[in-house]
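Analysis of the macromolecular model
Residue strings, one per chain:
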Number of protein chains: 2
Amino acid sequence: MKKKITLKHIARELGVSISTVSKALKNSVEIGADTKEKIQVYAKLHNYKPNNIAVSLKNKRTKNIGVIIPDIVHHFFTTVLRGIENYAITQGYNVIVCLSDESFDKEVINMELLANGSIDGFIMALSAGTQLKGDYNHLKEVTEQGIPLVLFDRVTNEINCDKVVINDREGAYQAVTKFIKDGRTKIAMITTDERFSVSRDRTAGYKQALLDNNMTYDERLILKFPTMEIDEKAIEDFFNTTQVDAVLSVNEIFGIASMRFVQTIGLRIPEDISFIGFTDGILSKYASPGLTAVAQHGELMGEIAAQMLIEKIEIEVEVEEEEIYVTRILEPTLIERGSTRNHKS
Amino acid sequence: MKKKITLKHIARELGVSISTVSKALKNSVEIGADTKEKIQVYAKLHNYKPNNIAVSLKNKRTKNIGVIIPDIVHHFFTTVLRGIENYAITQGYNVIVCLSDESFDKEVINMELLANGSIDGFIMALSAGTQLKGDYNHLKEVTEQGIPLVLFDRVTNEINCDKVVINDREGAYQAVTKFIKDGRTKIAMITTDERFSVSRDRTAGYKQALLDNNMTYDERLILKFPTMEIDEKAIEDFFNTTQVDAVLSVNEIFGIASMRFVQTIGLRIPEDISFIGFTDGILSKYASPGLTAVAQHGELMGEIAAQMLIEKIEIEVEVEEEEIYVTRILEPTLIERGSTRNHKS
DNA sequence: TTGTATGCGTTATCAC
DNA sequence: GTGATAACGCATACAA
């Protein structure tokens, strides 16, 4: 077991001082060519690498970014995480991942833990619990400490920080507009509690598109779940009692489950009923027929979030004045698959 | 912007020494009740929390565990990661995630980066690149430095360390046995290069089951891809030219894609052809029909890996003697869905 | 050109 | 009971 070597070891072995070694390894011009050579050779030979922790303590920079997401077994978050990781690594940052598990308490605990020096900044999507509770003090504390924060996807206006979201409203609007163009007249929406920012915005877009096309907004065509948890029974009841010819779903699971069910009761997709789901994920792609989806560009979102965060981390905030925070809004894209087709043609 | 408070601040404010503050906050009996009280109150009020980095430097323990996986947008790894995170958090550990992106080079870079003091131990699944290359020096170096390592799922015999895998061979054996019991006679297998440990073992189980049932092992019934990358065209060619009535797939993507294709050419599942896929994931569950799957119990695997790792981290390795490494083998479970059914009944 | 001293925030040993 | 001091590994301002 060969332990890690430190500057001190090298200094002792070579009979020089620690600072000489330190400078030599940074190729400082202060050090004589021969000593530098000697030290560098020795370091390479013994595979010297500076201790990250010591460097962090000294520099007050960890080169770690903390990511807190509600759930990792969720294709969209996973996609964002990949984007974050990809960009972070190019800038020499590591990603520390914590799961809030949709719980307010876990979110708070994880955040406090990481905020004690482990990370240089946060990227996060709010947990369901936090959104339902509406308590953002843990976020406020972090930002007040001067720790940069970027919120993505599930955000709140209560906090002043950089944000990156997709235009959920526009995505829903486009989807419904497409249904209408295709000749659909009874357009349903499967959504969740309005306290979830994404559901609120998507429902707003749905409604707007109907009104802009002189169609009526009918509450009975809305199937609303309290959480993101799927309830197959409710879906069955809904489709058994409600006549619809198009369905927009706030996530792909609801959409896929609905497609499966209506197929079992003899409806044809897309002839009798067509579907569009948010969050173009792996399920949408491999469903039969494929589920037309509003793509959220998770990977891009992650890259942008990481970019915004690292930028904030690296500009020395000498100016204590009013910070400028921006919200990047990405445009969604409709990915057409077998679950939609022109009704009249 | 209220900066983080340190022991030094408290000491200065209260006119005591730093060590007194440190002890008081640890409730040391050495400190007088009143000073202790005073200090604790002040600390609570100003929300003092020790700086993780400084503690790490002092203790030579980071309370971080490094996880290196090939890909995060992959349901199985994601599941394992959740298991790791769940357990780690209960023990006060954070998870630092790095993606090797199936590349040998990235795996090496990430590993070296984290090994320089950022983490107390590693949990990882080998990248495709590493397996194909067969070069495990980066793992050797880490273990030689005394950093605990747990390998899961994609492992190698070249490295002495704790491992946790499922019994891939047995999983395949069970699947094929079921096909045979159901009266299937032309059982195909979709797999990848044999240098991937999982493919090798699963193929071995497939072969063994055939032989044990006095059936012939026919190379022509094997569709082998060079990597885990899907090639839809090859799948189409295979099913267009080969007559089979059952298919075992080493992953769910290959299985799902195959099911979709055979349905388009008019075959009925499971009447004409039945399917079983490895890695029970979200796709298997939501496919039509559902894909019968060999469940790998990723979350459990992650928990066990984390448990093994943390145990190794926390036992002081005073005894330099021969380490005992164990390999935990989890038994797979067959999850039956619509893609299989008794052929003869 | 090289070395000394100091500090990052904490803990632990030892002296008072 | 309390505090000074050293140490973790590194970086750097300042001496020599």
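Treat the numbers as computed from the prediction; the structure is a model and nothing was measured.

**So, the domain arrangement of chain A**
Interfaces are frequently sized by the accessible area removed from exposure as the parts join. We note that the domain assignment places domain 1 (7-49), domain 2 (61-165 + 298-330) and domain 3 (168-296) within chain A. Here domain 1 of chain A and domain 3 of chain A have C-alpha centroids that lie 65 Å from each other.

**Considerations on the sheet that holds strand β1 (residues 64-69) of chain B**
With mixed pairing, the 12 strands of this open sheet are ordered in space as β11(A)-β5(A)-β4(A)-β3(A)-β1(A)-β2(A)-β2(B)-β1(B)-β3(B)-β4(B)-β5(B)-β11(B). Only two strands of the sheet have a single partner each, and these edge strands are β11 (327-330) of chain A together with β11 (327-330) of chain B. Ignoring strand direction, the axes of neighbouring strands in this sheet form an average angle of 20°. Sheet topology places strand β4 (residues 149-152) of chain A next to strand β5 (residues 162-166) of chain A; 3 bridges connect them, and they run parallel. What sits directly across from Val150(A), in β5(A), is Asp162(A). Across the sheet, helix α14 (residues 298-314) of chain B touches β1, β3 (121-124), β4 (149-152), β5 (162-166) and β11 of chain B, and the angle it forms with β5(B) is around 170°.

**Structural notes on the protein's contact with DNA strand C**
Around DNA strand C there are 27 residues in total, and Ser19(A), Thr20(A), Lys23(A), Gly32(A) and Lys58(A) lie nearest to it. Contacts to DNA strand C include Ser19(A), whose side-chain N or O atom sits 2.8 Å from a base oxygen. Within the side chain of Lys58(B), a nitrogen or oxygen atom sits 3.1 Å from a base oxygen of DNA strand C. Those elements giving two or more residues to the surface near DNA strand C turn out to be α2 (18-25) and α4 (52-59) of chain A together with α1 (7-14), α2 (18-25) and α4 (52-59) of chain B. No other element matches α2(B), which puts 4 residues into the surface near DNA strand C. Classifying every residue of the surface near DNA strand C by side-chain character gives 9 nonpolar, 9 polar and 9 charged.

**Some thoughts on the protein's contact with DNA strand D**
Taken together, 25 residues surround DNA strand D, and among them Tyr48(A), Thr20(B), Lys23(B), Gly32(B) and Lys60(B) come closest. Close to the protein, within 4 Å, the atoms of DNA strand D belong to sugar or phosphate groups at a rate of 61%. Taking Lys23(A), its side chain carries an N or O atom lying 3.4 Å from a base nitrogen of DNA strand D. Measuring from a phosphate oxygen of DNA strand D, one finds a side-chain N or O atom of Tyr48(A) at 2.7 Å. Classifying every residue of the surface near DNA strand D by side-chain character gives 8 nonpolar, 9 polar and 8 charged.

**Some thoughts on the packing of aromatic side chains**
By convention here, two paired aromatic rings are described through the distance between centres and the angle between planes. Applying the stated criterion across every chain, the model contains 12 aromatic pairs over all chains. Measuring from ring centre to ring centre gives 6.4 Å for Phe239(A) and Phe275(A), while their planes differ by 50°; the resulting arrangement is tilted. Of the two residues, Phe239(A) is situated in helix α11 (residues 232-241) and Phe275(A) in strand β9 (residues 274-278); the sequence distance between them amounts to 36 residues. Taking relative accessible area as the criterion, Phe275(A) reaches 1% and is therefore assigned buried. With centroids separated by 5.6 Å and ring planes inclined at 50°, the aromatic side chains of Phe76(B) and Phe77(B) adopt a geometry described as tilted. The exposure class of Phe77(B) is buried, given its relative accessible area of 2%.

**Digging into the pairing of strand β1 (residues 64-69) of chain A**
Residue and element names in this part refer to chain A. Burial of β1 is extensive: 6 of the 6 residues sit out of reach of the surface. A two-sided burial pattern is seen for β1, the buried positions comprising Asn 64, Gly 66 and Ile 68 on one face and Ile 65, Val 67 and Ile 69 on the other. Summarising the sheet, β1 and strand β2 (residues 94-99) pair through 6 bridges and their orientation is parallel. Bridged to Ile 65 within β2 is Val 95.

**What to know about the interface of chain B and chain A**
With 55 residues of chain B at the contact, the number on the chain A side is 55 residues. Buried surface at the junction of chain B and chain A, summed over both partners, amounts to about 5,000 Å²; 56% is from carbon and sulfur atoms. Of all residues in chain B, Ile53(B), Asn116(B) and Tyr286(B) bury the most surface against chain A, accounting for 14% of the area lost on that side. Applying the counting criterion to the chain B and chain A interface returns 6 salt bridges. The shortest N-O distance in the salt bridge between Lys49(A) and Glu112(B) comes to 3.9 Å. Remark: the boundary between chain B and chain A carries 18 residue pairs in polar contact (both at pLDDT 80 or more). Put simply, the parts of the chain that give the side of chain B that touches chain A at least two residues each are α4, α5 (75-90), β2 (94-99), α6 (104-115), α8 (137-144), α12 (252-264) and α13 (282-286) of chain B. If one sorts the elements of the side of chain B that touches chain A by residue count, α5(B) sits on top with 7 residues. Class assignment for the residues of the side of chain B that touches chain A results in 24 nonpolar, 18 polar and 13 charged. In terms of strand pairing, β2(A) meets β2(B) through 3 bridges, oriented antiparallel. Note on β2(B): the bridge partner recorded for Val97(A) is Val95(B).

**Brief notes about the relation of the copies chain B and chain A**
For the match of chain B to chain A, the screw axis carries a shift of 0.0 Å, the RMSD comes to 0.1 Å, and the turn is 180°. Here the symmetry operator amounts to a two-fold rotation axis. Residue Ile96(B) of chain B places its C-alpha closer to the rotation axis than any other residue of that unit, at 2.2 Å. A shared binding surface is used by both copies, with 100% of the interface residues of chain B retained as interface residues in chain A.

**Considerations on the environment of Met228(A)**
All names here are of chain A. Inspection of the secondary structure puts Met 228 in the loop between β7 (222-225) and α11. What makes Met 228 partly exposed here is its relative accessible area of 29%. Put simply, Met 228 and Phe 196 are 32 residues apart on the chain and 9.5 Å apart in space, counted from C-alpha to C-alpha. Excluding anything up to four places from it in sequence, Met 228 contacts Thr 192, Phe 196, Val 198, Ser 199, Asn 251 and Phe 254.

About the criteria used
- Residues numbered from 1 in each chain as written.
- Chains lettered and ligands numbered in written order.
- Predicted model: local features only at pLDDT ≥ 70, side-chain atom pairs only at ≥ 80, totals over all residues.
- Heavy atoms only, no water.
- Domains from an automatic or database assignment.
- Pairing = 2+ DSSP bridges.
- Helix = DSSP H or I, 4+ residues; strand = E, 2+ residues; numbered from the N terminus.
- Axes fitted to C-alpha atoms, helices over the stretch in contact; angles between N-to-C directions.
- Contact = heavy atoms within 4.5 Å.
- Near = heavy atom within 4 Å.
- Polar contact = N/O pair within 3.5 Å; in protein donor to acceptor, adjacent residues only side chain to side chain.
- Nonpolar A, V, L, I, M, F, W, Y, C, P; charged D, E, K, R; others polar.
- Phe/Tyr/Trp six-rings, centres within 6.5 Å; stacked < 30°, edge-to-face > 60°.
- Buried < 20%, exposed > 50% of the residue type's maximum accessible area, 1.4 Å probe, protein only.
- Buried area = accessible area lost by both parts, 1.4 Å probe.
- Salt bridge = Lys/Arg side-chain N within 4 Å of Asp/Glu carboxyl O.
- Least-squares fit on C-alpha atoms with pLDDT ≥ 70 in both.

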